[in-house]
Amino acid sequence: MDKTYSPGEIEERVYRQWEANGLFAPAGSGPPYCIVIPPPNVTGTLHMGHAFQDTIMDALTRFHRMAGDRALWQPGTDHAGIATQMVVERQLNGEGRTRHDLGRDAFTARIWQWKEQSGGTIARQMRRLGASVDWSRDRFTMDPGMSRAVQEAFVRLHEQGLIYRGKRLVNWDPVLKTALSDLEVQSEETDGSLWHIRYPFADGDGHVTVATTRPETLLGDVAVAFHPDDERYRGFAGRRLTLPLTGREIPLIADDFVDRAFGSGCVKLTPAHDFNDYEVGERHGLPLINVLTADATIGDAAPARYHGLDRVTARRQIVTELDAAGLLEKVEPHRHTVPKGDRSGAVLEPWLTDQWYVRIAPLAEPATRAVEDGHIRFVPSNWDKTYFEWMRNIKDWCISRQLWWGHRIPAWYGPDGTVYVARSEAEARERHGIAPGVPLVQDEDVLDTWFSSALWPFSTLGWPDRTPELAAFYPTSVLVTGFDIIFFWVARMIMMGLHFTGEVPFREVYVHGLIRDHEGQKMSKSKGNVIDPLDIVDGIGLEELVAKRVTGLMQPKLAPAIERGTRKQYPAGIAAHGTDALRFTFASLATQSRDLSFDLGRVEGYRNFCNKLWNAARFVLMMTEDPADPGPESPTPYDRWIRSRLAATIATVREGFAQYRFDQAAQAAYEFTWYEFCDWYLEFSKPVLQTPDARPEEKRATRRALLETLEALLRLLHPLMPFITEEIWQMVGARAGKSGASIMREPYPAVSADAAAPAVEAEVRWVMDFILGVRRIRGELDIPPSVPFALRLQNASALDLERLARNEAAIRRMAGVSGAMPLAAGEAAPQAAAAHVGDLGILVPMAGLIDVDAELARLDKRRVKLEQELARARTPSSATRASCRMRRRRWSPRNRSACLSSSVNWRNLPNNRSG
RNA sequence: GGGUGCUUAGCUCAGCUGGUAGAGCGUCGCCCUUACAAGGCGAAUGUCGCAGGUUCGAGCCCUGCAGCACCCACCA
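Cut-offs used in this document
- Residues numbered from 1 in each chain as written.
- Chains lettered and ligands numbered in written order.
- Predicted model: local features only at pLDDT ≥ 70, side-chain atom pairs only at ≥ 80, totals over all residues.
- Heavy atoms only, no water.
- Pairing = 2+ DSSP bridges.
- Helix = DSSP H or I, 4+ residues; strand = E, 2+ residues; numbered from the N terminus.
- Axes fitted to C-alpha atoms, helices over the stretch in contact; angles between N-to-C directions.
- Parallel < 35°, antiparallel > 145°, perpendicular 65-115°, else oblique.
- Left-handed = near helix turned anticlockwise from the far one by under 90°.
- Contact = heavy atoms within 4.5 Å.
- Nonpolar A, V, L, I, M, F, W, Y, C, P; charged D, E, K, R; others polar.
- Phe/Tyr/Trp six-rings, centres within 6.5 Å; stacked < 30°, edge-to-face > 60°.
- Buried < 20%, exposed > 50% of the residue type's maximum accessible area, 1.4 Å probe, protein only.
- Near = heavy atom within 4 Å.
- Polar contact = N/O pair within 3.5 Å; in protein donor to acceptor, adjacent residues only side chain to side chain.
- Salt bridge = Lys/Arg side-chain N within 4 Å of Asp/Glu carboxyl O.

On to the sheet that holds strand β14 (residues 349-358). Pairing in this open sheet of four strands is antiparallel, and the strands run β6-β5-β14-β16 from one edge to the other. Among the strands making up the open sheet, the edge pair consists of β6 (178-180) and β16 (397-398). By the bridge criterion, two bridges tie β14 to β16 in an arrangement that is antiparallel. Each bridged residue has a counterpart across the sheet, and for V358 the counterpart in β16 is W397.

Moving on: the packing of helix α22 (residues 662-690) against helix α23 (residues 696-717). Here α22 crosses α23 at 165 degrees, and the two axes come no closer than 11 Å. Considered as vectors, α22 and α23 are oriented roughly antiparallel to each other. You can see that α22 and α23 cross each other, and the crossing is left-handed. In contact with A669, F672, T673, F677, Y681, L682, S685, V688 and L689 of α22, α23 contributes E698, K699, T702, R703, A705, L706, T709, L710, L713 and L717. Residue classes in the contact of α22 with α23 are distributed as twelve nonpolar, four polar and three charged.

Moving on to the packing of aromatic side chains. For the structure on display, the rule yields 48 aromatic pairs. Taking 5.4 Å as the distance between ring centres and 20 degrees as the angle between the ring planes, the aromatic pair formed by Y164 and Y357 counts as stacked. With Y164 in strand β5 (residues 163-173) and Y357 in strand β14, the pair connects residues that are 193 residues apart, well separated along the chain. Neither residue differs from the other here; Y164 and Y357 are each classed as buried. Centre to centre, the rings of F458 and W463 are 5.2 Å apart; their planes meet at 85 degrees, and the pair counts as edge-to-face. Across this residue pair, the class does not change: F458 and W463 are buried.

Let's shift gears to the environment of F677. Residue position: F677 is located in helix α22. With relative accessibility at 0%, the residue F677 sits in the buried group. Sequence separation between F677 and A628 is 49 residues; the distance between their C-alpha atoms is 21 Å.

Before going further, it helps to spend a moment on the protein's contact with RNA strand B. Around RNA strand B sit 56 residues, and of these D259, F262, S597, W674 and Y675 come closest. With respect to RNA strand B, the side chain of K3 contributes an N or O atom lying 3.4 Å from a phosphate oxygen. Here a phosphate oxygen of RNA strand B sits 2.6 Å away from a polar atom, N or O, in the side chain of W674. Broken down by secondary-structure element, the contributors of at least two residues to the surface near RNA strand B are β8 (207-212), β13 (328-341), α20 (600-623), α22, α25 (758-780), α29 (881-891) and α30 (893-900).

Quick look at helix α15 (residues 486-501) now. Extensive coverage of α15 is indicated by the burial of 13 of its 16 residues. Within two residues after α15, G502 carries a phi angle of roughly 75 degrees, on the positive side.

Now for the environment of S381. Within the fold, S381 resides in the loop between β15 (377-379) and α11 (383-392). For the pair S381 and A648, spaced 267 residues apart in sequence, the C-alpha separation works out to 27 Å.

Time to look at the pattern of salt bridges. One pass over the full model with this rule turns up 68 salt bridges. Ionic pairing is found between E159 and R431, a salt bridge with its closest N-O pair at 2.6 Å. Of the two residues, E159 is situated in helix α7 (residues 144-159) and R431 in helix α12 (residues 425-432); the sequence distance between them amounts to 272 residues. Residue E159 is classed as partly exposed on the basis of its relative accessible area, which comes to 44%. Between R165 and D443 there is a salt bridge, with its nearest N and O atoms 3.6 Å apart. With R165 in strand β5 and D443 in the loop between β20 (441-442) and β21 (446-447), this residue pair connects regions lying 278 residues apart in the sequence. The class for R165 is partly exposed, based on a relative accessible area of 32%.

Note the cis peptide between W463 and P464, where omega equals 10 degrees. Within the element layout of this structure, P464 appears in the loop between α13 (449-459) and α14 (468-473). In the segment running from Y474 into P475, the intervening peptide bond is cis, with an omega of -5 degrees. Within the secondary structure layout, P475 lies in the loop between α14 and β22 (476-482). A positive phi angle, close to 65 degrees, is found at A296, a residue other than glycine. Within the fold, A296 resides in the loop between α8 (275-284) and α9 (311-324). If you check the backbone angles, Y660 has positive phi at about 60 degrees while not being a glycine. Its place among the elements puts Y660 in the loop between α21 (637-658) and α22. Classification of Y660 as buried rests on a relative accessible area of 5%.

Below, the structure written as structure tokens:
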């Protein structure tokens, strides 16, 4: 084995071997276990959140595969309608063209081409991360099979009356020129104004004043409303107003939705451009006057002089005109929320259009019940509250989008405008008896991306066909996802899954937190704090990192700040840490918290952990033989101890996996590996294996324990650190008596009933405390490890002496002790430093070991120095920042005594310490 | 307005059904002791947001307060 662990070479080679040997496909006859991947955008790249999520899914899959389950991790990618279309449109814009220059067919062809070109990136990244997905089952949401599922679902829902077409207000994105669902609307707090406008009575004197944030919609006003109980306006009911600037007459009506306390207590009603007004309008039978066009300019329904003006210009002009006419009472600053498109960032318009909707209530009801009844369990459980909250208030889902990239809606229109929904034009004709000569035109719109995503758990397994995979793996075992898409995706999968299969799509939903940067900030391109997970794995130079962060920025002016920040934070770029270290970091980050701060320092720590494991393996290989010496074996207490500790660790790690507490699993495995196996057991093994006088049967037993513990540890760690464990296992497995070809298919470690050995643990604990006590004295007295010394023992019980005798070799070697003699009865304790294990006093006599006078002088010197520091601390102006920090810690009133007195238990030293 | 979280060591976070506060990174000594300096040995560090309460005992349970974060929502 190489002296240093170098992940890069190992990882790529090992993955190739796994894949070549077909180890990712479900195998065996165990119970099925299945995770479907949340499909990333096919043309995108994986970010830290994906890498984190993939680590968890892979760990679960590997864990269950090793536990004997027939494990399938189903991979795939999403066509990501709007996002992908926008990317390609931007490319076209760069060439000075628009999608309309190409036309629909050429444009979608171009997106397909882009998909082919960039679609491999994610697969490459996933391979580098060690994802054990079954690549043979890879799916894309626009594959023929997936498209068929989408069509089938649409047609069936339509037949069942659960999909309908309707003309109503939708959230309209005037930049993308498409409808959006409620979920795609981002409310943003904005500083705006509240304009108070006078609406004169049509029949003579007087006016009412309305307050609005959107004066330009005045052109579409059809009424003004006040609260029926409002004394100020009660007498005005039924009177008519003259709508300013247009001369149109509109009624003054009463409706209790009006908030009397807001503004003047009067509201202008624009049913065609406001959701609220729309509802009031329906109640009162008011007309709809649509004054906006698709790109949010003023249209034909308004007076001609406003035609073609965009929203902002129109607003300015109207306010000016109102003011000139003396109708503008006042303008107040007003903070309010403005709806924006989550992709385009454009201010959305409620706009009247024909769209397709899913009638959601009948679907939501069983979906809510499935969680209430525990058929689906959220982990952590409190997410079900969020789910219920949303499900209770859910509204019909607008699924049509005026885009070109996506699943075309399977509906055809006859010449008279009649709609025929069918799986194909041929089916539409056949079912409705439409003659071949009659032209049918397919609906131009495509479906919301999330429509196909909602079918993902069963469409990937072959639905609507009854495939063996669907039978075996559906319902899937667990969905691993972030809380940000509970509504977008989780809830919709539950609704569709239950509706189309009669079963839940997954039994558990593990909701993980979101990866943020080391300061807890959301990672985003514009903040310049994104890290490509593979840059942590393989490393990246500073210049390349800077270039990566500043190119393709939406706001190029941020580049200098991002560059500065990057250079400051990573002056030497990012070192290569390897996949296993990154994965282990993700696992240890997987707490129940919803924000997970990612700190590169932690990856470093876990890379060191990999190195530690690597070197422990080297040691084990150096200390053991292949084939093993076949003689009789007699286990030492340490052999039995490490087996007992391993058993306890296995239990904790398994528990961690079962509870989705990967942080606990990782920590338990880490602590066992480093603090028990390496720090103690390997050291205990040395006196047994490296001294000629140890018994051969003990050597054999220790070699076996060394190999078996390491081998089991590798299996224990494998789901979290697949590469290094496989690499080492290939060298250790056979020697430990394993014949399998890969650790991937070895059984996950189980707790053997006879491993726990409390009595042995107690004795080894005693030995460890003894050694620790001596080491502490050594450290306090600054006695170098190379200088051995003899101990005297105080209050030694018979058990202490037995234990000492049994463990003498270990104590001699690990504490650097040359001997330990109990004090005789009545013998006075010598001048010594002492430590305690229970009642036993461990004395390190000073005589001959240290020059007492010299030691006192040394301590005195230290005291003087500390006192000087203390004095200086009282005049902080002269202090540097660093020493200030040091002093604060050292010399806070709490710590002062601790700093002055040693933690060593001083005995029999002259009282007069200052000498 | 409604909802959900969070506040523990310098930093990032664990702490399960209440029982003497933990990890990683960082800090301070001493060591290149043949598995590992990406290391070893040792050390320091917390009025567990604030105020009450329940309890023999509270970081954990209850009440109130403060600060922070996120989600949802049609007050023009």
